[in-house]
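# Structural overview for review
Residue-level listing of the chains:
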Amino acid sequence: MSEPKKLYIKTYGCQMNVYDSERMSETLGGQGYVETQSPDDADMILLNTCHIREKAAEKVYSELGRFKGLKAEKPDLKIGVAGCVAQAEGEEIMRRQPLVDLVVGPQSYHRLPEMEARTREGQKALDTDFPEEDKFEKLKNRPKAKRGPTAFLTVQEGCDKFCAFCVVPYTRGAEVSRPADRIIREAHDLVERGVREITLLGQNVNAYHGAGANGDMTLAGLIWELNKVDGLERIRFTTSHPNDMADDLIEAHGTCEKLMPYLHLPVQSGSDRILKRMNRSHTAESYLRLVERIRAARPDIMMSGDFIVGFPEETEEDFQATMDLVEQVKYGYAYSFKYSTRPGTPAAERPQVDPQAADDRLQRLQALITQHQREIQDAMVGRKVSVLFEKSGRLPGQMVGKSEYLHSVHVSEADVAVGELRDVRITGSGANSLAGTLI
Ligand code: SAM
Ligand code: SF4
């Protein structure tokens, strides 16, 4: 039997890319590839890229340059670029970096096997189309191998919102929802393989409107269907847009027992002037009312958010409005970024904020978020939480998992296994995790 070929995938960016990398690896498994953790012994290297952070394309070019020596030693090594930088740069990647054999955009992964075969014939392969066919249906099924207790499952892709700072509508294309029956089938398959918690993914996951048995289904409808899957214990979803937070989804947070009390709901800014310029189509007030309604449905829900500071024309007053909103919501987690220009997006052409002022605002915002995060985490001490154990910890006998609120929790008792869901009493709060004892 011939030796399997080795595939090294490096994944950047969001959870959707993590999911895509898994699916690409499974698909290339059909071409005889097994994954390796090192580029040095790979027959194929795939960079699954993200275009969200600053100078993303430049970072990919410099990463590719590092493979020059490897390719010289091993001329058969194939190098590919996938993900949003592949979509945005397209042919330019091959022009600037002749080492690259393959460029594949996020909507064309199902064509990877034929593209890989072409590279083995010495050709270059490029595909950044937005094809009509459903890539997930064409991607090879997930193999039946056992896996860890948590998994991502993409249910919706793309975005039609066109926030003025964001490249996603250009790199991932228009909003598309997968049919409900395929998602449910995939969930059953994941559960058979040991998964107990599924996070439904989408750039705008709560805009989900996939075909169901009786017409289009909402995200809440899909969650209720998944709630019936035996063996599946926890459901999460990310990332949501405030404008798509429908009544049935808010209600599900109060009534659906497998839906976890955690919600990532990016707001970006607390200033209505800036929100308007961002083309967010919600106000700070409407966001705050929404949070109130969600908390009325599920009082203990953990809120998380995304923020951009230093958006073009942001004044100190605008920034203060963001600080005020954070004070009111008190996020358990939040991701805050300094605005950086994305060529081709409307905000890229506008007058930029002084970088030092933006740095200073970012520091102040992060300090406030960290303070709230700590307070919320410390307030867990003495409480009972349920923990899904995911792995062993750094210390002997230690096991680590996540609470329903997504806090990392570690216990020192050895009599708990990966995949077990157990009640834990929280006994201490550390820098980034909680300590507890099994109940
Ligand atoms: N769809 C989600 C939403 O509506 O908020 C998030 C999508 S985006 C992949 C993740 C986060 O990256 C955004 O919420 C935003 O805070 C940040 N982001 C996107 N473009 C950015 C830019 N040009 N500069 C700084 N941060 C940016
Ligand atoms: Fe980007 Fe999210 Fe806005 Fe869509 S809704 S454009 S993904 S930030």
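Residues numbered from 1 in each chain as written. Chains lettered and ligands numbered in written order. Predicted model: local features only at pLDDT ≥ 70, side-chain atom pairs only at ≥ 80, totals over all residues. Heavy atoms only, no water.

### Topic: the overall build of the protein chain
Our working definition: In this text, helices come from DSSP runs of H or I with a minimum length of four residues, and strands from runs of E with a minimum of two, each type numbered from the N-terminal end. The globule rule is 2.2 Å times the number of residues to the power 0.38, and the radius of gyration it is compared with is taken over C-alpha atoms. Think of it in three bands: with a 1.4 Å probe and only protein chains considered, a residue is buried below 20% of the maximum accessible area for its type, exposed above 50%, and partly exposed in between. Residue contacts are defined here by distance: any two heavy atoms, one from each residue, within 4.5 Å place the two residues in contact. Using a 1.4 Å probe, accessible areas were evaluated by the Shrake-Rupley method; residue-level cover was limited to the displayed protein chains. Asp and Glu count as negative and Lys and Arg as positive, but His and the ends of the chain are not part of the count. All charge positions are set by atom: Lys at NZ, Arg at CZ, Asp at CG, Glu at CD.
Broken down by element type, the protein chain carries 15 helices and 21 strands. Taken over the C-alpha trace, the protein chain has a radius of gyration of 23 Å; the compact-globule value for 439 residues is 22 Å, and the two agree within 12%. Its C-alpha atoms give the protein chain principal-axis dimensions of about 60 × 60 × 50 Å. Out of the 439 residues belonging to the protein chain, those deemed buried represent 54%. Taking the intrachain contacts of the protein chain between residues at least 6 apart in sequence as the baseline, contacts between residues at least 24 apart amount to 71%. Looking at the protein chain as shown, the accessible area adds up to about 19100 Å², and 50% of this sits on carbon and sulfur atoms. For the protein chain, the distance from the average site of its 58 positive side-chain charges to the average site of its 67 negative ones is 2 Å.

### Some words on the sheet that holds strand S15 (residues 302-309)
In plain terms, the rule: One requirement defines pairing of two strands: DSSP has to find at least two bridges between them. As a rule, the C-alpha atoms of each element are fitted with a line to give its axis, helices using only the stretch in contact, and angles between N-to-C directions run from 0 to 180 degrees.
Pairing within the open sheet is parallel, and its 3 strands lie in the order S14-S15-S16. Looking at the sheet topology across the chains shown, the edges are occupied by strand S14 (262-264) and strand S16 (333-338). The sheet shows a mean angle of 10° between the axes of neighbouring strands, taken without regard to direction. Sheet topology note: the S15/S16 ladder contains 6 bridges and is parallel. Counterpart to glycine 305 in the pairing with S16 is alanine 334. Sitting on the sheet, helix H15 (residues 355-378) is in contact with S15 and S16, with an inclination near 175° to S16.

### What to know about the environment of aspartate 40
Structurally, the position occupied by aspartate 40 is in the loop between strand S2 (33-35) and strand S3 (44-49). With relative accessibility at 54%, the residue aspartate 40 sits in the exposed group. Between the alpha carbons of aspartate 40 and histidine 110 there is a distance of 26 Å; along the sequence they are 70 residues apart. Apart from residues no more than four positions distant in its own chain, aspartate 40 is found in contact with Leu70 and Lys74.

### Notes on the pairing of strand S17 (residues 384-392)
Pairing of S17 with strand S20 (residues 421-429), which is carried by 5 bridges, proceeds in the antiparallel orientation. Paired with leucine 388 across the strands is leucine 421, a residue of S20. Note: S17 against strand S18 (residues 399-403), 5 bridges, orientation antiparallel. The partner of leucine 388 across the bridge, within S18, is lysine 402. Remark: 6 residues form the turn of the hairpin made by S17 and S18, two consecutive strands paired antiparallel; glycine 397 in that turn has positive phi of roughly 80°.

### What to know about the nonpolar core
Here is the rule we go by: Working definition of a nonpolar core: buried Ala, Val, Leu, Ile, Met, Phe, Trp, Tyr and Cys residues. They are joined through side-chain atoms within 4.5 Å.
Ranked by internal contacts, the top residues of the largest apolar core, which has 58 residues, are Leu200, Leu222, Phe237 and Tyr331. Val85, Ile93, Leu99 and Val100 belong to the second-largest nonpolar core, a separate cluster that totals 21 residues.

### Points about helix H1 (residues 15-29)
Quick note on the threshold: Each residue after the first adds 1.5 Å to the expected span of a helix.
Taking 1.5 Å as the rise per residue, H1 with 15 residues should run 21 Å; its terminal C-alpha atoms sit 21 Å apart, in good agreement. Across the 15 residues that make up H1, a large majority, 11, are buried. Inspection of H1 places Met16, Asn17, Tyr19, Asp20, Ser21, Arg23, Met24, Ser25, Glu26, Thr27 and Leu28 among the buried residues, and these make up the whole buried set.

### Quick look at the site of ligand 2
Applicable threshold: Residues are labelled near a given molecule or strand when at least one of their non-hydrogen atoms is within 4 Å of it. Think of it as three bins: nonpolar holds Ala, Val, Leu, Ile, Met, Phe, Trp, Tyr, Cys and Pro, charged holds Asp, Glu, Lys and Arg, and polar takes everything else, Gly as well.
In the vicinity of ligand 2, the contacting residues are Cys159, Lys161, Phe162, Cys163, Phe165, Cys166, Val168, Pro169, Asn204, His241 and Arg280. Among the residues making up the shell around ligand 2, the classes are represented as 7 nonpolar, 2 polar and 2 charged.

### A closer look at the sheet that holds strand S6 (residues 125-127)
The strand order S2-S1-S3-S4-S5-S6 describes an open sheet built from 6 strands, whose pairing is parallel. Strand pairing shows two members of the sheet lacking a second neighbour, S2 and S6, which therefore form its edges. With direction set aside, neighbouring strand axes in the sheet form an average angle of 20°. When strand S1 (residues 5-11) meets S3, the two strands line up parallel, connected through 5 bridges. Each residue of the ladder has a partner; that of lysine 10, found in S3, is leucine 47. The strands that helix H2 (residues 56-65) touches are S1, S3 and strand S4 (78-82); relative to S3, the one it contacts most, it runs at about 165°.

### Considering the site of ligand 1
Our working definition: The definition of a polar contact used here is a pair of N or O atoms within 3.5 Å, where within protein one atom must be able to donate a hydrogen and the other to accept one, and adjacent residues in sequence count solely through side-chain atom pairs.
Around ligand 1, 16 residues are found, and the nearest of them are Phe165, Gln203, Gln268, Asp306 and Ser340. Contact between ligand 1 and glutamine 203: a nitrogen atom at 2.7 Å from a main-chain N or O atom of the residue. Within the complex, the protein chains bury 89% of what would otherwise be the 560 Å² of accessible surface of ligand 1. Sorting the residues of the shell around ligand 1 by element identifies S15 and S16 as the ones contributing at least two each. Counted by class, the shell around ligand 1 contains 6 nonpolar, 5 polar and 5 charged residues.

### As for the packing of helix H13 (residues 284-297) against helix H14 (residues 316-329)
Under the convention used in this document: The cut-offs work like this: below 35 degrees is roughly parallel, past 145 is roughly antiparallel, 65 to 115 is roughly perpendicular, and the gaps in between are oblique.
Contact pair H13 / H14: the axes reach a minimum separation of 11 Å and the direction vectors enclose 10°. With respect to H14, the element H13 is oriented roughly parallel. Contacts between H13 and H14 involve Ala284, Tyr287, Leu288, Val291 and Arg295 from the first element and Leu325, Gln328 and Val329 from the second. Classifying every residue of the contact of H13 with H14 by side-chain character gives 6 nonpolar, 1 polar and 1 charged.

### Topic: unusual backbone geometry
Of note, the amide linkage connecting threonine 238 to threonine 239 takes the cis form, showing an omega dihedral of 5°. Relative to the assigned elements, threonine 239 resides in the loop between strand S13 (234-238) and helix H11 (247-255). One non-glycine residue, lysine 330, lies in the positive phi region at around 55°. Tracing the backbone through its elements, the reader meets lysine 330 in the loop between H14 and S16.

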